[in-house]
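The residues making up each chain are set out below.
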Amino acid sequence: RDAIRENQIVPYLQPIVDTDGKIVGAEALARWIHPTQGFMNPGSFIPMFEENGLIVDVDKHIWRTACKILGSWKATHPDKFISVNISPKDFFLTDVLSDIKAFAKEFDINPQNLRIEVTETSMMSNTDGRMKILEDFRKNDFIVEMDDFGSGYSSLNMLKDMPVDVLKIDMKFLGKTEDQERANKIVKNVIRLSDDLGILSLTEGVETEEQFEMLKQMGCTLFQGFYFSKPVPLKDLEGMIS
């Protein structure tokens, strides 16, 4: 609780780029800058927060901080967006739409600059209720992203009804395979499917120039991964944008 109150937990921002490699936005990811232990990776504290329920407070803190950053960008980077994550517990323990709308109003930001990211697996319980929340986000001009597409068991069935604007395809969901050509065909057809449905495709986990060029040829429009940058502090991202 002290870490949240004292702003020790901060968003690190991982750039998202277009086909030209230009930064168009970023994903906000929680990192803990501990006063004695220094930088802490999320794997060392997020599971604890999820277990004790404080993950909701962490998420709210990141949502509000992202809106504050976007508010500060209105004059300098009005076209850039930030994606924030909604965890499964957020749906149960808080009114996510009301909270995020309030933060957006507090900093007077364009809702389209704040993207709402949910995982496919988080939608697999109380699906109808959660789809209604996502639809309400879209009615309020927020853009909704589905993360980790391909990690669940009903991906295609959910996609036909899911109110999403962006599909995030993780390069790692294919795993290691001996038949790389077959794996590439799957990615290519997922990109084509999203395009046919009027959904933007964003491939994350891009690690090499070869992958970037291949994905562009497949028709992907947005990209994220260590090839471009790891998650970085706000000042570093602003320097990269400039």
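Residues numbered from 1 in each chain as written. Predicted model: local features only at pLDDT ≥ 70, side-chain atom pairs only at ≥ 80, totals over all residues. Heavy atoms only, no water.

## Looking at the environment of Lys74
Note the cut-off: Secondary structure counts use DSSP, requiring at least four H or I residues in a row for a helix and at least two E residues in a row for a strand, with both numbered from the N terminus. Residue contacts are counted whenever heavy atoms from the two residues lie within 4.5 Å of one another. Polar contact is defined as a pair of N or O atoms within 3.5 Å, subject to the rule that within protein one atom must be able to donate a hydrogen and the other to accept it, and that residues adjacent in sequence are counted only when both atoms are side-chain atoms.
With respect to the helices and strands, the residue Lys74 is situated in the loop between helix 3 (55–72) and strand 4 (81–85). C-alpha of Lys74 to C-alpha of Phe107: the two residues are 33 residues apart in sequence and 10.0 Å apart in space. If near-sequence neighbours (up to four positions away) are discounted, Lys74 is found in contact with Phe107 and Asp108. In this structure the side chain of Lys74 is engaged in a polar contact, spanning 3.1 Å, whose partner is the backbone oxygen of Asp108.

## Things to note about the packing of aromatic side chains
Filter applied, for reference: Aromatic contacts are taken between Phe, Tyr and Trp rings whose centres are within 6.5 Å, Trp giving its six-membered ring; a plane angle under 30 degrees counts as stacked, one over 60 as edge-to-face, and the others as tilted. Relative accessible area decides the class of each residue, using a 1.4 Å probe on protein chains only: under 20% of the type maximum gives buried, over 50% gives exposed, and in between gives partly exposed. Lysine and arginine charges are scored as sitting over a ring when NZ or CZ, respectively, is within 6 Å of the ring centre and within 35 degrees of the ring normal.
Under the defined criterion, the tally for this structure stands at nine aromatic pairs. Centre to centre, the rings of Tyr12 and Phe39 are 5.4 Å apart; their planes meet at 50°, and the pair counts as tilted. A residue pair is termed long-range when its members are at least 10 positions apart, and Tyr12 in strand 1 (residues 9–17) and Phe39 in strand 3 (residues 38–40) qualify at 27 residues. The partly exposed category is assigned to Phe39, whose relative accessible area is 40%. Consider the rings of Phe212 and Phe223, whose centres lie 4.9 Å apart with planes at 85°: the pair is edge-to-face. With Phe212 in helix 9 (residues 209–218) and Phe223 in strand 9 (residues 222–224), the pair connects residues that are 11 residues apart, well separated along the chain. For Phe212, a relative accessible area of 7% translates into the label buried. A residue is classified by how much of its surface remains accessible, and Phe223, at 0% relative accessible area, is buried. Sitting over the face of the ring of Phe81, Arg115 holds its NZ or CZ atom 3.7 Å from the ring centroid.

## Structural notes on the nonpolar core
Condition: The nonpolar core is taken to be a set of buried Ala, Val, Leu, Ile, Met, Phe, Trp, Tyr and Cys residues, with the residues joined through side-chain atoms within 4.5 Å.
With 68 residues, the main nonpolar core has Ile9, Ile82, Ile86, Leu114, Phe137 and Leu215 as its most contacted residues. Of all the elements, helix 3 adds the most residues to this core, at nine residues. Beyond its immediate chain neighbours, meaning those up to four positions away, Phe137 contacts Ile86, Val96, Leu97, Ile100, Ile116, Phe142 and Val144. Judged by nonpolar contacts, the second largest core, of seven residues, contains Ile16, Ile143, Val166 and Leu222.

## Let's talk about the pattern of salt bridges
The condition is simple: Whenever Lys or Arg places a side-chain nitrogen within 4 Å of a carboxyl oxygen from Asp or Glu, that contact is recorded as a salt bridge.
The full count for this structure, using the stated rule, is 13 salt bridges. We note a salt bridge from Lys168 to Glu27, for which the minimum N-O separation is 3.1 Å. Of the two residues, Lys168 sits in strand 7 (residues 166–170) while Glu27 sits in strand 2 (residues 23–34), which places them 141 residues apart along the sequence. Residue Lys168 is classed as buried on the basis of its relative accessible area of 0%. Connected via shared salt-bridge partners are Glu27, Glu117, Lys168 and Glu204.

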